[in-house]
Amino acid sequence: MFDKIDELCVNATRVLSVEAIQQAKSGHPGLPLGAAPMAYVLWSRFLNVNPATSRKWINRDRFVLSAGHGSALLYSLLHLSGYDVSIKDLKNFRQLNSKTPGHPEVNHTDGVEATTGPLGQGVAMATGMAMAEAHLAAQYNREGFPIIDHYTYALCGDGDLMEGISQEAISLAGQLKLGKLIFLYDSNDISLDGPLCKANTESAKERFEASNWHYVRVENGNDLEEIAQAIEVAKAETTKPSLIEIKTTIGFGAPNEGTNKVHGAPLGEEGIESLKERLNYPYPEFTVPEEVQRRYYETIGVRGAELEQKWNELFDGYQAHYPDLAKELIAGFKNEVPFDLTEKLPHYSVEDDAKASRVTSQNAIQTLSKEIPSFWGGSADLSASNNTMAKAEEDFEAGNYSGRNIWFGVREFGMAAMMNGIALHGGTKVYGGTFFVFVDYLRPAIRLAALQGCPVTYVLTHDSIAVGEDGPTHEPIEQLASLRAMPNLNVIRPADGNETSAAWEIAVRSENRPTALVLSRQNLPVIAGTEEKAFTEVKKGAYVVSPAQKEEADGIFIATGSEVNLALQAQAMLREEGIDYSVVSMPSMNLFEEQSLEYKESVLPSHITKRISIEMGSTFGWERYVGSNGRMIGIDRFGASGKGNEVLKEFGFTPEEVVAIAKQLEK
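Residues numbered from 1 in each chain as written. Predicted model: local features only at pLDDT ≥ 70, side-chain atom pairs only at ≥ 80, totals over all residues. Heavy atoms only, no water.

Undergrad: Whenever I open this one, the overall build of the chain confuses me. Can you help?
TA: The helix and strand tally for the chain stands at 25 helices and 21 strands. What you see for the chain is a C-alpha radius of gyration of 28 Å, in line with the 26 Å of a compact globule of 667 residues. Projected onto its principal axes, the C-alpha coordinates of the chain cover approximately 90 × 60 × 45 Å. The 667 residues of the chain split such that 62% are buried. Nonlocal contacts in the chain, meaning residues at least 24 apart in sequence, comprise 78% of its contacts between residues at least 6 apart. (Helix = DSSP H or I, 4+ residues; strand = E, 2+ residues; numbered from the N terminus. Rg over C-alpha atoms; globule rule 2.2 N^0.38 Å. Buried < 20%, exposed > 50% of the residue type's maximum accessible area, 1.4 Å probe, protein only. Contact = heavy atoms within 4.5 Å.)

Laid out in structure tokens, this is it:
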């Protein structure tokens, strides 16, 4: 039963939140005031976490505030629960370099599980976390040792559920029957601009039940007992994820409660005084009553410490009985690859047949799946084209959560966001595939992966106009330049099978950076020297793959992907006419930029100004490498539909055209 102290705890959470917002003179008080009761019930009675160890306890429950604009509520909960968020931090809400930024940021604020704010993505990340929990439980739990056994909760709002990505995640979660995924829906019928009915009148019950979810409704969002009973009912349903729709009043207790006016503006001093009077909360600014602090500590801190201690004892027994499995699991959560991959990944010689990099990527995936138990992934319904299936593994699906091939369906955005949730949960290395041109569907989730430091891998195939007959809609042009502009993202476009294997090693060894592998559909011959050089040089971003024969090169070709072989053909033709160029393979601009000035000078000597970049994409960004005296061979218009070879010729990607441009520099 809940008592008066619990009611006081709810109001303390509300008031702390709006006081932080008032101090900052910006923020969103509507959600904290309306959703504080459901958050308090969840945290005090159901959420199994230990603030003293924060995210170190791998079997803790996960809580995602998908409606990240309500961050003040989360920060108040974290402070009151005993995380490393002080009253001073609350007073510094939204200030530069504070622990309490405008939207929650993982790895920045103690206790935050995911960076949220872009609506809908928290819903998908929570789904990914539940997928990871189910997968790890199936892989590692043994009779008497349920070492992975926890819930994922998300608090979402009307805006979250209007975003298209929410349906992508909801649909897959229902298909997978993720019984340990529970959403608390802050259903207040108000969006930022005004009444929700102006834009959305669908039935949440019918929508979620149609997607194979369990639905529960709470009529009074201030009734703590009703909320608690709903969560109990949701936890009892083990074969479906659950949505608890909780009817609330946005900005409850504030002068403009129930309207969009209280969504995203401070209440003002008078508004806060009115709120405190309404709530019968007579305490000074930023004051937490002693009984509130004690109740939070007892219900969350003490309980969480006891639960983690019991789990530690359970895991000690598990290690004794299953030492190898325990070692694997620990390595997965440490994101470790405890052995050398260079010799294990496929190597190719110039005598081997030409293969598309999507095919050599497939070969790498087979090796990695065999060698790394935590490695799994799939594709957005393009596995036959992306070549992402691990042939020796089974499918991850309801009834077989130990499977390692994920069927994401035609849900590119949802796939990428769920991958973020999987990575944030920890314990596995996940990848996902689609056509490169569809990176535009993934982009917001790629950005959040980079921002959160999620070491996920994107398998992006069909990388250029060489796609041919599918035409401009499926031929990437600006995508490379746009991804290269994103901070903290490895973008690697390998030139052959050896560079592809080396790129995969970089991806799976990454600890805090996502990797985009940009791969071809057309066959790529193995380049002389890459079998010896790729594993040491690709990680440097660029290297001289074919030096000039003269002591001093006449010029430099800089190319990526399939165009490296084109540069080599042009190099050979020019040599017949006494012009000697070196060829630089630059699979990754961002990795090259991280090298020393000395190394960069060794690859691109500054005194050699005759430089030509060759890449089947936008020329944007290449000017930094070719300089004012160089030339850029690229594509600054959309593609064309036709046979691949004919399209390449149409756009000038032939050895003869490259040679002609090089000769122009000789004049």
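Undergrad: Is there a simple way to think about the domain arrangement of the chain in this case?
TA: Accessible area lost during the coming together of the parts is what is often quoted as the interface size. Per the domain assignment, the segments of the chain are domain 1 (4–307), domain 2 (357–530) and domain 3 (540–666). Counting the surface domain 2 buries against domain 3, the share from its top three residues, Ile 465, Ile 477 and Arg 493, is 27%. Scanning the region where domain 2 abuts domain 3 turns up three salt bridges. With its nearest N and O atoms 2.9 Å apart, the salt bridge here joins Glu 594 to Arg 513. (Domains from an automatic or database assignment. Buried area = accessible area lost by both parts, 1.4 Å probe. Salt bridge = Lys/Arg side-chain N within 4 Å of Asp/Glu carboxyl O.)

Undergrad: What am I meant to see in the packing of helix α1 (residues 4–24) against helix α11 (residues 290–321) here?
TA: In helix packing, the relevant descriptors are the interaxial angle and the interaxial distance, both defined with respect to the helix axes. At a closest axis distance of 9 Å, the pairing of α1 and α11 adopts a crossing angle of 100°. In terms of orientation, α1 and α11 fall into the roughly perpendicular class. Contact with α1, carried on its side by Ile 5, Asp 6, Leu 8, Cys 9, Ala 12 and Thr 13, involves Glu 291, Val 292, Arg 295 and Tyr 296 of α11 and no other residues of that element. Considered class by class, the residues forming the contact of α1 with α11 number six nonpolar, one polar and three charged. (Axes fitted to C-alpha atoms, helices over the stretch in contact; angles between N-to-C directions. Parallel < 35°, antiparallel > 145°, perpendicular 65-115°, else oblique. Nonpolar A, V, L, I, M, F, W, Y, C, P; charged D, E, K, R; others polar.)

Undergrad: Just to check I follow, could you spell out empty space enclosed by the protein for this structure?
TA: If a probe as big as a water molecule is rolled over the atoms, it shows which places are left empty. Tallying each qualifying case throughout the model produces three cavities of 30 Å³ or more. Taken together, 19 residues form the lining of the largest cavity, with Trp 43, Phe 63, Gly 111, Val 112 and Glu 113 sitting closest to its centre. It is strand β1 (residues 62–65) that provides the largest number of residues to the lining of the largest cavity, a total of four residues. The residue makeup of the lining of the largest cavity, split by class, is eleven nonpolar, three polar and five charged. (1 Å grid on protein atoms, 1.4 Å probe; cavity = no way out; pocket = protein on both sides within 12 Å on 5 of 7 lines; lining within 4 Å. Points joined across faces, edges and corners; volume = space filled by probe spheres on them.)

Undergrad: Just checking my understanding: could you explain the UniProt feature "site: Important for catalytic activity" (unreviewed entry) in the chain for this structure?
TA: Per the UniProt entry, the sites bearing "site: Important for catalytic activity" (unreviewed entry) are His 28 and His 263 in this numbering. Considering the C-alpha atoms alone, the annotated residues occupy 236 residues of sequence yet fold into one spot, their largest mutual distance being 5.6 Å. With respect to the helices, strands and loops of the structure, His 28 is situated in the loop between α1 and α2 (30–46). The exposure class assigned to His 28 is buried, which follows from its relative accessible area of 16%. The residues contacting His 28, other than those within four sequence positions of it, are Ile 21, His 69, Arg 94, His 263 and Gly 264. A polar contact of 3.4 Å, which involves the side chain of His 28, links it to the backbone oxygen of His 69. Here His 263 is to be found in the loop between β7 (242–247) and α10 (268–279). With relative accessibility at 14%, the residue His 263 sits in the buried group. Setting aside its immediate chain neighbours within four residues, His 263 contacts Gly 27, His 28, Pro 29, Gly 30, His 69, Leu 192 and Ile 250. (UniProt positions renumbered as here; feature names shortened; annotations may be inferred. Polar contact = N/O pair within 3.5 Å; in protein donor to acceptor, adjacent residues only side chain to side chain.)

Undergrad: Honestly, the UniProt feature "binding site: Mg(2+)" (unreviewed entry) in the chain in this entry has me stumped. Any pointers?
TA: Sequence positions flagged by UniProt for "binding site: Mg(2+)" (unreviewed entry) are, in local numbering, Asp 158, Asn 188 and Ile 190. Sequence-wise these annotated residues cover 33 residues; spatially they are packed, their C-alpha atoms never more than 7.6 Å apart. Of note, Asn 188 is situated in the loop between β3 (181–187) and β4 (190–191). Residue Asn 188 is classed as buried on the basis of its relative accessible area, which comes to 12%. If you trace the backbone, Ile 190 turns up in strand β4. Of the residues examined, Ile 190 reaches a relative accessible area of 13% and is grouped as buried. Setting aside residues up to four positions removed in sequence, Ile 190 forms contacts with Asp 158, Pro 195, Leu 196, Ile 250, Gly 258, Thr 259 and Asn 260.

Undergrad: Is there a simple way to think about a negative patch on the surface in this case?
TA: Taken together, the side chains of Glu 269, Glu 270, Glu 273, Glu 277 and Glu 285 make up a negatively charged region of the molecular surface. Relative to the assigned elements, Glu 269 resides in helix α10. (Patch = residues over 30% accessible without salt bridge, like charges linked within 9 Å, V, L, I, M, F, W, Y side chains within 5 Å. Areas by Shrake-Rupley, 256 points an atom, 1.4 Å probe, with all protein chains shown as cover. Lys, Arg positive; Asp, Glu negative; His and termini not counted. Charge placed at Lys NZ, Arg CZ, Asp CG, Glu CD.)

Undergrad: I'm lost on the sheet that holds β7 in this one. Help?
TA: Two pairing modes exist for strands in a sheet, parallel and antiparallel, and in both the strands are linked by backbone hydrogen bonds. With respect to topology, five strands assemble into an open sheet ordered β1-β2-β3-β7-β6, the strand pairing being parallel. Sheet topology places β1 and β6 (214–218) at the edges, where each strand pairs with a single neighbour. Neighbour-to-neighbour, the strand axes of this sheet turn through a mean angle of 20°, independent of strand direction. Alignment of β1 against strand β2 (residues 152–157), held across four bridges, turns out to be parallel. Each bridged residue has a counterpart across the sheet, and for Phe 63 the counterpart in β2 is Tyr 153. (Pairing = 2+ DSSP bridges.)

Undergrad: What am I meant to see in the layout of surface pockets here?
TA: For the largest pocket, the calculated volume is near 490 Å³. Forming the walls of the largest pocket are 22 residues, and the residues nearest its centre are Phe 333, Asn 335, Ala 423, Leu 424 and Gly 426. Listing elements by their share of the lining of the largest pocket, those giving two or more residues are α12 (323–333) and α15 (412–425). Tallying contributions element by element places α15 first for the lining of the largest pocket, with three residues. Grouping the constituent residues of the lining of the largest pocket by class yields eight nonpolar, nine polar and five charged. The two domains that each donate at least three residues to the lining of the largest pocket are domain 1 (4–307) and domain 2 (357–530).

Undergrad: Can you walk me through the side chain of Thr 299 in this structure?
TA: Summarising the element assignment, Thr 299 is placed in helix α11. For Thr 299, a relative accessible area of 15% puts it in the buried group.

Undergrad: Explain the nonpolar core here, please?
TA: One broad trend across soluble globular proteins is that nonpolar side chains are buried collectively. Grouped together as the largest cluster of nonpolar side chains are 134 residues, with contacts concentrated most on Trp 43, Met 131, Phe 183, Ile 244, Tyr 458 and Leu 483. The element that contributes the greatest number of residues to this core is α2, accounting for eleven residues. Beyond its immediate chain neighbours, meaning those up to four positions away, Trp 43 contacts Phe 63, Leu 74, Leu 77, Leu 78, Ser 81, Tyr 83, Ile 300 and Arg 303. Counting 70 residues, the second largest nonpolar core, distinct from the first, contains Ala 534, Leu 566, Leu 574 and Val 659. (Core = buried A, V, L, I, M, F, W, Y, C linked by side-chain atoms within 4.5 Å.)

Undergrad: Before we go on, may I ask you to explain the packing of α1 against α2 in this structure?
TA: Packing of α1 against α2 brings their axes to within 9 Å, and their N-to-C directions diverge by 130°. Between α1 and α2, the crossing angle belongs to the class labelled oblique. In the packing of α1 onto α2, the handedness of the crossing is right-handed. Note on element contacts: α2 touches α1 through Pro 32, Leu 33, Ala 36, Pro 37, Tyr 40 and Arg 45, opposite Asp 6, Cys 9, Val 10, Thr 13, Arg 14, Ser 17 and Val 18. Residue classes in the contact of α1 with α2 are distributed as eight nonpolar, two polar and three charged. (Left-handed = near helix turned anticlockwise from the far one by under 90°.)

Undergrad: Help me understand the pattern of salt bridges, please; the structure alone is not making it clear to me.
TA: Pairing of side chains with opposite charge becomes possible as their charged atoms draw close. Using the criterion set out here, one finds 31 salt bridges in the structure. Salt-bridge contacts for Arg 295 lead to Asp 6; the nearest nitrogen and oxygen are separated by 3.0 Å. You can see Arg 295 sitting in helix α11 and its partner Asp 6 sitting in helix α1, a full 289 residues away along the chain. Using a relative accessible area of 15% as the deciding quantity, one classes Arg 295 as buried. Between Asp 463 and Arg 493 there is a salt bridge, with its nearest N and O atoms 2.9 Å apart. Residue Asp 463 is found in the loop between β13 (457–461) and α17 (479–484), and its partner Arg 493 is found in the loop between β14 (490–492) and α18 (497–509); the two are separated by 30 residues along the sequence. Three or more residues joined by partner-sharing salt bridges are found here, namely Asp 3, Asp 6, Arg 45 and Arg 295.

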